[in-house]
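Here's the letter readout for the chains.
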Amino acid sequence: MNSGLSISAERIVIADDHPLFRTALRGAVERLLDRVTIIEAESLASLQAVMETGPAPDLLLLDLRMPGVQGFSGLVFMRAHYPDVPIVVVSAQDEPYIVRRTLSHGAAGFIPKSETDRGIRQALEAVLSGDLWLPEGMDSSAAGLGREEAETAAGIASLTPQQFRVMSMLSAGLLNKQIAWELDVSEATIKAHVTAIFRKLGVQNRTQAVLVAGRLAVDPVAH
């Protein structure tokens, strides 16, 4: 039963690869909202499957680190393909520069994984009412993205869902034949996707594509 929350939501997606945290966040949401359907996703593949079927959710709660997701790439892709769905990043990494980049890439809010039920309540109420939400004391100004990161984000945003899957697998080091097997398509189809990815990212080969995508890592200096 909710505690007087002034907004409602019918469908919320929680995307995080840690089952214990998904359970904890699900419990917090269910205590705040009545009759809400919560769908869980533990990877990029499962998140895409959820988003591509059924009605669009009222809210997506998205971790920055999941299998198949390169830092901010998941946020950038979801923001581009589901512009009407507010996305709140939920992350254990809450350094100011990460929060500012999160806002710059289009998130409607940021919830640290250490946040209390009260903070989650405030976040849900704000975002579902159309406002931006950050915990008290966090800088609400978005950082101006550097030219290279902005260009990379635009390239990632232009990928089709299948191309994004392929790009994620390229970043994981899979070969074309391995990607073809994983996606149950021909190797020729994967080669066509890879060619399109290179064009959209403005690169010539796999190594360059992976390096460019790495600009959207949470800590690009480490890549």
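Rules used in this analysis
Residues numbered from 1 in each chain as written. Predicted model: local features only at pLDDT ≥ 70, side-chain atom pairs only at ≥ 80, totals over all residues. Heavy atoms only, no water. Helix = DSSP H or I, 4+ residues; strand = E, 2+ residues; numbered from the N terminus. Expected span 1.5 Å × (residues − 1). Buried < 20%, exposed > 50% of the residue type's maximum accessible area, 1.4 Å probe, protein only. Contact = heavy atoms within 4.5 Å. pLDDT = per-residue confidence, 0-100. Arc of directions from axis to C-beta. Polar contact = N/O pair within 3.5 Å; in protein donor to acceptor, adjacent residues only side chain to side chain. Right-handed = clockwise from strand over helix to strand, strands pointing away. Pairing = 2+ DSSP bridges. Axes fitted to C-alpha atoms, helices over the stretch in contact; angles between N-to-C directions. Core = buried A, V, L, I, M, F, W, Y, C linked by side-chain atoms within 4.5 Å.

Asks: Explanation requested: helix α5 (residues 117-128) in the structure shown.
Replies: For an α-helix the count is 3.6 residues per turn, leaving residues at separations of three or four pointing the same way. Here α5 contains 12 residues, and its C-alpha end-to-end distance of 16 Å stays within 8% of the 16 Å for a straight helix at 1.5 Å per residue. Among the residues of α5, G119, I120, A123, L124, A126 and V127 are the ones counted as buried. If you follow the buried residues of α5, they end up packed against α1 (19-32), β3 (59-62), β4 (87-91) and β5 (109-112). A positive backbone phi angle near 95 degrees is found at G130, which sits one or two residues after α5.

Asks: Is there a simple way to explain the confidence of the model for the chain in this structure?
Replies: For residues with low pLDDT, the predicted coordinates do not support detailed interpretation. Looking at the chain, the pLDDT average stands at 87 and 92% of residues meet or exceed 70. Ranking the elements of the chain by mean pLDDT puts α5 last with 87 and helix α9 (residues 187-201) first with 96.

Asks: Looking at this structure, I do not really get helix α10 (residues 206-213). What am I missing?
Replies: Residues A209, V212 and A213 constitute the buried set of α10. Looking straight down α10, one finds that the buried residues subtend no more than 95 degrees of arc, so they occupy a single side. Projecting away from the buried face of α10 at angles above 90 degrees are the exposed residues T207 and L211. Packing partners of the buried residues in α10 comprise α6 (147-157), α7 (161-171) and α9. Its side-chain oxygen placed 3.2 Å from the backbone nitrogen of T207, N205 serves as the N-cap of α10.

Asks: I'm lost on the side chain of E149 in this one. Help?
Replies: Here E149 shows up in helix α6. The contacts of E149, once residues within four sequence positions are left out, are R101, H105, R215 and L216.

Asks: Can you help me understand the pairing of β5 in this one?
Replies: When a strand is regular, its side chains alternate between the sheet's two faces. Burial of β5 is two-sided: the residues G109 and I111 facing one way and the residues F110 and P112 facing the other way are all buried. Taken together, β4, helix α4 (residues 96-104) and β5 constitute a β-α-β crossover, and its handedness is right-handed.

Asks: Explain the sheet that holds β3 here, please?
Replies: Backbone hydrogen bonds are what pair the strands of a sheet, in a parallel or an antiparallel way. The 5 strands are arranged β2-β1-β3-β4-β5 in an open sheet whose pairing can be described as parallel. Both edges of this open sheet fall to β2 (37-41) and β5, since each of them pairs with a single strand only. Looking at each pair of strands side by side, their axes are set apart by 20 degrees on average, direction ignored. Here 4 bridges tie strand β1 (residues 11-15) to β3, and the two strands are oriented parallel to one another. Pairing of I14 across the sheet is with L61, part of β3. The strands touched by α1 within the sheet are β1, β2, β3 and β4, with β2 carrying the most contacts at an inclination of about 165 degrees.

Asks: How should unusual backbone geometry be read in this particular structure?
Replies: The general pattern is negative phi for most residues beyond glycine and trans for most peptide bonds. Of note in the backbone geometry, R35 takes a positive phi value of approximately 50 degrees without being a glycine. Within the secondary structure layout, R35 lies in the loop between α1 and β2. According to the relative accessible area criterion, R35 is exposed, its value standing at 77%. Look at D184: it is not a glycine, yet its phi comes out positive at around 60 degrees.

Asks: How should the nonpolar core be read in this particular structure?
Replies: Nonpolar side chains in soluble globular proteins tend to be buried together. In terms of nonpolar packing, the biggest core is built from 50 residues, with L47, L60, L62, M78, I156, V166 and M167 touching the most fellow members. The residues contacting L62, other than those within four sequence positions of it, are A15, L47, G74, L75, I87, V88, V89 and V90. Core analysis: the second largest hydrophobic core is formed by 23 residues, I12, L25, A28 and L61 among them.

Asks: Any chance you could explain the side chain of Q163 here in plain terms?
Replies: Summarising the element assignment, Q163 is placed in helix α7. Looking at Q163, the relative accessible area reads 7%, which means it is buried. Within polar-contact distance, the side chain of Q163 engages the backbone nitrogen of T160 at 3.0 Å. A distance of 2.9 Å separates the side chain of Q163 from the side chain of K200, its partner in a polar contact. Look past the residues within four positions of Q163 in its chain and what remains in contact with it is S158, H193, A196, I197 and K200.

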